[in-house]
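Tertiary structure, described
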Amino acid sequence: MENNKKVFNNVLELVGNTPLIKLNKIASSFKGNYYAKVEAFNPGHSSKDRIALYIIEQAEKKGIIKPGDTIVETTSGNTGFSIAMVSIIKGYKCILAVSSKSSADKIDMLKTMGAQVYVCPAHVSADDPRSYYEVAKRLHEETEGSVYINQYFNELNIDAHYHSTGPEIWNQTEGKITHLVACSGTGGTISGIGKYLKEQNPDIKIIGVDAYGSVIKKYHETQEFDEKEIYPYRIEGLGKNLIPTATKFEVIDEFVKVTDEESAHTAREIANTEGLFVGYTSGAAMQAIKQLNEDETFTKDSNVVVIFPDHGSRYMSKIYSDKWMNDQGFFDTIHQEAAESIQI
Ligand code: PMP
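For the structure given in this document, a descriptive report is provided here. This structure is a prediction, so every number in the text was calculated from the model and none was measured. (Residues numbered from 1 in each chain as written. Predicted model: local features only at pLDDT ≥ 70, side-chain atom pairs only at ≥ 80, totals over all residues. Heavy atoms only, no water.)

Here we look at the sheet that holds strand β10 (residues 303–308)
Note the threshold: For two strands to pair, DSSP has to find at least two bridges joining them. Each helix corresponds to a stretch of at least 4 residues labelled H or I by DSSP, and each strand to a stretch of at least 2 residues labelled E; elements are numbered beginning at the N terminus. Simply put, an axis is a line fit to the C-alpha atoms, just over the touching stretch for a helix, and the angle between two N-to-C directions goes from 0 to 180 degrees.
Across the sheet, which stays open at both edges, the 6 strands sit in the order β1-β2-β10-β7-β8-β9 with mixed pairing between neighbours. The two strands at the open ends of the sheet, each matched to only one other strand, are β1 (20–22) and β9 (254–258). Shown here is a sheet whose adjacent strand axes are inclined to one another by a mean of 25 degrees, direction ignored. Two strands pair when backbone bridges link them, and β1 and strand β2 (residues 33–38) are joined in this way by 3 bridges, in the antiparallel orientation. Within β2, the position partnered with Lys22 by the bridge is Tyr35.

Things to note about the site of the ligand
The line we're drawing: Here a residue is near a molecule or strand as soon as one of its heavy atoms is found within 4 Å of it. Pairs of N or O atoms are called polar contacts if they sit within 3.5 Å, as long as, within protein, a hydrogen donor faces a hydrogen acceptor (for residues adjacent in sequence, only side-chain-to-side-chain pairs). In this description, accessible areas are obtained by the Shrake-Rupley approach with a 1.4 Å probe, and a residue is regarded as covered only by the protein chains that are shown. Computed over the protein atoms alone on a 1 Å grid, cavities are sets of points where a 1.4 Å probe fits but cannot get out and pockets are open sets with protein on both sides within 12 Å along at least five of seven lines; a residue lines them when it has an atom within 4 Å of a point. For a cavity or pocket, the test is whether more than half of a molecule's atoms lie within 2 Å of its grid points; if they do, the molecule sits there. Ten residues, namely Ala, Val, Leu, Ile, Met, Phe, Trp, Tyr, Cys and Pro, are considered nonpolar, four, namely Asp, Glu, Lys and Arg, are considered charged, and the remaining ones, Gly among them, are considered polar.
The ligand sits among 15 residues. The nearest are Gly185, Thr186, Gly187, Thr189 and Thr281. Contact between the ligand and Thr189: an oxygen atom at 2.5 Å from a side-chain N or O atom of the residue. The fraction of the free accessible surface of the ligand (390 Å²) that becomes covered by protein chains is 98%. More than half of the atoms belonging to the ligand lie within 2 Å of the grid points that define the largest cavity. Among the residues forming the shell around the ligand, the class breakdown is 3 nonpolar, 10 polar and 2 charged.

Considerations on empty space enclosed by the protein
So the rule is basically this: Grid points are joined across faces, edges and corners, and a volume is the space filled by probe spheres set on the points. Domain boundaries shown here were taken from an automatic or database domain assignment.
Tallied over the full model, the rule gives 1 cavity of 30 Å³ or more. Taken as a whole, the largest cavity spans an internal volume of roughly 310 Å³. Together, 24 residues line the largest cavity, and Ser47, Lys48, Gly185, Gly237 and Pro309 are the ones closest to its centre. Of the residues assigned to the lining of the largest cavity, the class counts are 6 nonpolar, 14 polar and 4 charged. When residues of the lining of the largest cavity are assigned to domains, at least three map to each of domain 1 (11–42 + 161–328) and domain 2 (47–148).

So, the sheet that holds strand β3 (residues 70–75)
Cut-off, in case you're wondering: Any two residues whose heavy atoms approach within 4.5 Å at even a single point are treated as in contact.
Strands sit in the order β5-β4-β3-β6 across an open sheet of 4 strands; the sheet is parallel. Two strands lie at the open edges of the sheet, namely β5 (116–120) and β6 (146–148), each paired on one side alone. Between one strand and the next, the sheet's axes are offset by a mean angle of 20 degrees, whatever the strand orientation. Where β3 and β6 come together, 3 bridges link them in parallel fashion. Bridge pairing links Thr70 to Ser146 in β6. Contacts from helix α2 (residues 78–90) reach β3 and β4 (93–99), with the element oriented near 165 degrees to β3. The strands touched by helix α3 (residues 104–112) within the sheet are β4 and β5, with β5 carrying the most contacts at an inclination of about 155 degrees.

Details of the packing of helix α6 (residues 165–172) against helix α7 (residues 188–200)
Using the following cut-off: Throughout, the term roughly parallel applies to angles under 35 degrees, roughly antiparallel to angles over 145, roughly perpendicular to angles from 65 to 115, and oblique to all others. By convention the crossing between two helices is left-handed if the near helix lies anticlockwise of the far one by an angle smaller than a right angle, and right-handed if it lies clockwise.
Remark: α6 packs on α7, axes separated minimally by 8 Å, with the N-to-C direction vectors making an angle of 45 degrees. Taken together, the axis directions place α6 and α7 in an arrangement best described as oblique. The element α6 and its partner α7 pack so that their crossing is right-handed. Between α6, through Thr165, Gly166, Pro167, Ile169 and Trp170, and α7, the contact on the second element is made entirely by Ile193, Tyr196, Leu197 and Gln200. Grouping the constituent residues of the contact of α6 with α7 by class yields 6 nonpolar, 3 polar and no charged.

A look at the packing of helix α5 (residues 156–163) against α7
Relative to each other, α5 and α7 sit at 50 degrees, their axes nearing to 7 Å. The angle between α5 and α7 falls in the class oblique. Handedness of the α5/α7 crossing: right-handed. Seen from α5, the contacting residues are Asn157, Ile158, His161 and Tyr162; seen from α7, they are Gly188, Thr189, Ser191, Gly192, Ile193, Lys195, Tyr196 and Glu199. Per-class residue counts for the contact of α5 with α7 are 4 nonpolar, 6 polar and 2 charged.

A look at the side chain of Ser146
Under the convention used in this document: With a 1.4 Å probe rolled over the protein chains alone, any residue whose accessible area is under 20% of its type maximum counts as buried; one over 50% counts as exposed, and the rest are partly exposed.
Assignment of secondary structure puts Ser146 in strand β6. Residue classification places Ser146 among the buried positions, given a relative accessible area of 13%. Separated by 2.8 Å, the side chains of Ser146 and His140 make a polar contact. A polar atom in the side chain of Ser146 sits 2.8 Å from the backbone oxygen of Thr143. Contact partners of Ser146, with chain neighbours within four places excluded, come to Thr70, Val72 and His140.

Shown next, in the form of structure tokens:
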């Protein structure tokens, strides 16, 4: 795909080839060089455009779907938006089962993009019939001529990043990347990029970011599913209460856990230091870099690439709302007093 074409035939031609942008201020006191792969430059404003387009085109190639058929998925919002966008251009119907943790903005957007949306409770176990996994499965079974993308258990999710994001990063850094830092939800992003990069140079460190309240880090370390690790948290799209097969644990060297509060503040910091208005998990990934820097993981020769998965506009009613930040107790007293005085 050429991004310097004068005219594009449709929006899908703009998926991928996102820029790698040097971080000049936020990491200026850290050892090494830091570059962000800014996935908000995809036309659907997230990395999920890549997997939606890739998986649907693979299904077309195999003759599994034809225009007029239905695509079903579970999604925290971004994948749903991307599938809805691809469905519009290619002529599919789109049904989405969404977690109630997703922001109202995301749900409204999905509806605007023509999707039929089912909102399911967030804090039930994955095998509960009310969970968005079970609801999606049922909708798929009940809808004739439907395809279930199943991003958590679909290895094509990994392949999408193996064939696009991985080679892009390798070429953009001219093979000089030493560390990749990426959030893990389905694990498709980190696994696909990680697999590609390790094939080019096995010394590259692949570092995953997980949430407190998720089982992923512990599972990576012990190969045991520890239910005690699971409790509610606020970041959408990061971590999990199950083990996705779209995560290739063997290509990941280590996981770092981050808090909701620090990730939210770091996302705001990225905006007002680098001018990059990115989402909550971008804050989480950058927060992990801060912690790794304190642990002396990096040297002056490190070339660290961090994935910023989506755009900040999807979090206006959350981390970019002072009221929401206050309601979570994420602002200190001074900040709260300032917010109150503005209201008067
Ligand atoms: N950030 C956001 C905002 C996401 O929606 C997701 C996907 N759930 C991720 C990060 C993690 O990407 P992946 O699913 O490829 O691990």
